[in-house]
Each structure stands twice: as structure tokens, then as C-alpha cells.
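Reading the structure
This is what each chain is made of:
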Amino acid sequence: GAVVSQHPSWVICKSGTSVKIECRSLDFQATTMFWYRQFPKQSLMLMATSNEGSKATYEQGVEKDKFLINHASLTLSTLTVTSAHPEDSSFYICSASSPETQYFGPGTRLLVL
Amino acid sequence: KQEVTQIPAALSVPEGENLVLNCSFTDSAIYNLQWFRQDPGKGLTSLLLIQSSQREQTSGRLNASLDKSSGRSTLYIAASQPGDSATYLCAVLPLEGAQKLVFGQGTRLTINP
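What comes next is a walk through the structure.

Each value, and the rule that gives it
- Residues numbered from 1 in each chain as written.
- Chains lettered and ligands numbered in written order.
- Predicted model: local features only at pLDDT ≥ 70, side-chain atom pairs only at ≥ 80, totals over all residues.
- Heavy atoms only, no water.
- Helix = DSSP H or I, 4+ residues; strand = E, 2+ residues; numbered from the N terminus.
- Rg over C-alpha atoms; globule rule 2.2 N^0.38 Å.
- Buried < 20%, exposed > 50% of the residue type's maximum accessible area, 1.4 Å probe, protein only.
- Contact = heavy atoms within 4.5 Å.
- Areas by Shrake-Rupley, 256 points an atom, 1.4 Å probe, with all protein chains shown as cover.
- Lys, Arg positive; Asp, Glu negative; His and termini not counted.
- Charge placed at Lys NZ, Arg CZ, Asp CG, Glu CD.
- Buried area = accessible area lost by both parts, 1.4 Å probe.
- Salt bridge = Lys/Arg side-chain N within 4 Å of Asp/Glu carboxyl O.
- Polar contact = N/O pair within 3.5 Å; in protein donor to acceptor, adjacent residues only side chain to side chain.
- Core = buried A, V, L, I, M, F, W, Y, C linked by side-chain atoms within 4.5 Å.

In terms of regular secondary structure, chain B is built from zero helices and 11 strands. Its helices and strands taken in sequence order, chain B reads β-β-β-β-β-β-β-β-β-β-β from the N to the C terminus. The C-alpha radius of gyration computed for chain B amounts to 13 Å, which stays within 12% of the reference 13 Å derived for 113 residues, consistent with globular compactness. Over its C-alpha atoms, taken along the principal directions, chain B stretches across nearly 45 × 30 × 20 Å. Looking at the 113 residues of chain B, the share that counts as buried comes to 42%. Counting contacts in chain B only where the partners sit at least 6 residues apart, residues at least 24 apart contribute 54% of the total. When the accessible area of chain B is evaluated, it comes to approximately 5,500 Å², of which 48% is carbon and sulfur surface. Of the side-chain charges in chain B, 9 are positive and 9 negative, and the distance between the mean point of each set is 5 Å.

When the parts of a complex come together, some accessible area is lost, and that lost area is often used as the size of the interface. With 21 residues of chain B at the contact, the number on the chain A side is 22 residues. For the pair chain B and chain A, the two sides together bury roughly 1,600 Å², of which 49% comes from carbon and sulfur. Seen at the junction of chain B and chain A, the total is one salt bridge. Among the salt bridges present, the one from Lys 100 of chain B reaches Glu 59 of chain A, with a minimum N-O distance of 2.7 Å. Counting every contact that joins chain B to chain A gives eight residue pairs in polar contact (both at pLDDT 80 or more).

A word on the nonpolar core. Of all hydrophobic cores here, the largest spans 24 residues; its most connected members are Trp 35, Phe 67, Leu 79, Tyr 92 and Leu 110 of chain A. Residue assignment for this core shows that the elements contributing at least two residues are strand 2 (10-13), strand 3 (19-25), strand 4 (32-38), strand 5 (45-51), strand 7 (67-73), strand 8 (76-81), strand 9 (90-97) and strand 11 (108-112) of chain A. Those residues in contact with Leu 79 of chain A that lie beyond four places of it in its chain are Val 19, Lys 20, Ile 21, Trp 35, Phe 67, Leu 68, Ile 69 and Tyr 92 of chain A. Formed by 22 residues, the second largest nonpolar core is a distinct cluster that contains Leu 21, Phe 25, Leu 33 and Leu 66 of chain B.

The analysis is restricted to geometry; functional conclusions fall outside its scope.
What follows is the structure in C-alpha cells.
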């Protein structure tokens, strides 16, 4: 199957700083990528749809100015958590879309102190 | 709005038993249904994908069925092993919804040696 990578795999930062997470599709091109967050013992919650060459579309309740998404190429989408706070600590997972399914990255664990 | 429910939320069984995980969805207008496995702190691994026109898919000791008209799917695991311990997620891809998967809450499975 297709491979999706995320970098970094984990990050610890101080409150108020910004953190960038990269999502790459390694062996296929994806015009659409998705960003999810997952709290402990809960399912995935879709945050936004990242569209190559256009603005991301955000789910209801997700602050677009706080979670900046850039999809500059067919193989790379980035999520920047701006002015991170402890409540932003979570597991962030991206996926890259093919016509029939999504291929998921390994996730990035963010801890904001 | 499509909703996906998984029962039970958690399951613990002795090694060697056969078991069934259940998934139900409210809207039968789906493109496909997929079962994923998630290990703690990891991303999602796709196990089986069933197209809406299919009734079941098999991979090794796993068998997934789909009854689209009744909005149900089951994941059957034969001869369970401790390595099968993980969270199992069911997700549907609606016909309408811009390729957004809709996830259930998952079933946390523990196989006891």
C-alpha cells in the first residue's frame, strides 16, 4: 500500500510557541490530504481538509487561524499549531487521499508545557 | 448526517477464541467501508476494505462482512492471539461528503495469554 510519513513523530514545546507538522505522501500524489486529532481513548476527529493549491476547509469548531494548513505540493501538507497551549496537546494524524481510500501517517504526538 | 457506532467499546477474551466486532452506520449511501487497526500511540493500519457492492472480504484470520441495506458490518477474528490486541476502528466513506471518512469510536480489544 501507499506510504504516508509525518515529521516529527513527537514534539514537546513551551506554551505560546508555534509547531509545524509535515505530512508527506511518499510514493503517490495526493490532491487532498486530511488532518485529524485524537485524544486519549477517543476516535479520530477530522480537523480540516487540505487541498493542493487552494485553501483548506475546516470542520465546524476548528479555528483556522490557530491551525494553519498549507498544501503547497501534491506530496506535502503542513499543519502549524500557532501559539500552542496545553489544551492543544494531542495526537495529530494526517492522511492522503486516493480515489477509494485514505492512507494514514504514523501520527505526531504534541505535548505543550 | 452519517453516524457510525461500534459495539462493544471494549472486549477482553482469552487467547485462541474466535470473536466478532460490530459496526453499524445510519446511512446506506456509502462508497465503501473499511476496518482499521490502531496500536497505542500509533497511526492507523488498514485491515480490510469492502466496496458497497461486496458482501465480504477476507485476509488471513480476518473476515469482514457488509450488509449495506441494514447498515451493519462485522469483523470476525479467528483464533485470536495476544498480538491482535489493539483498537479496531470502522469507517465508512459516504457517497457524498468530499471523500471524508466517518469513523466509529472503536473497540479496544485485549487478548489474554
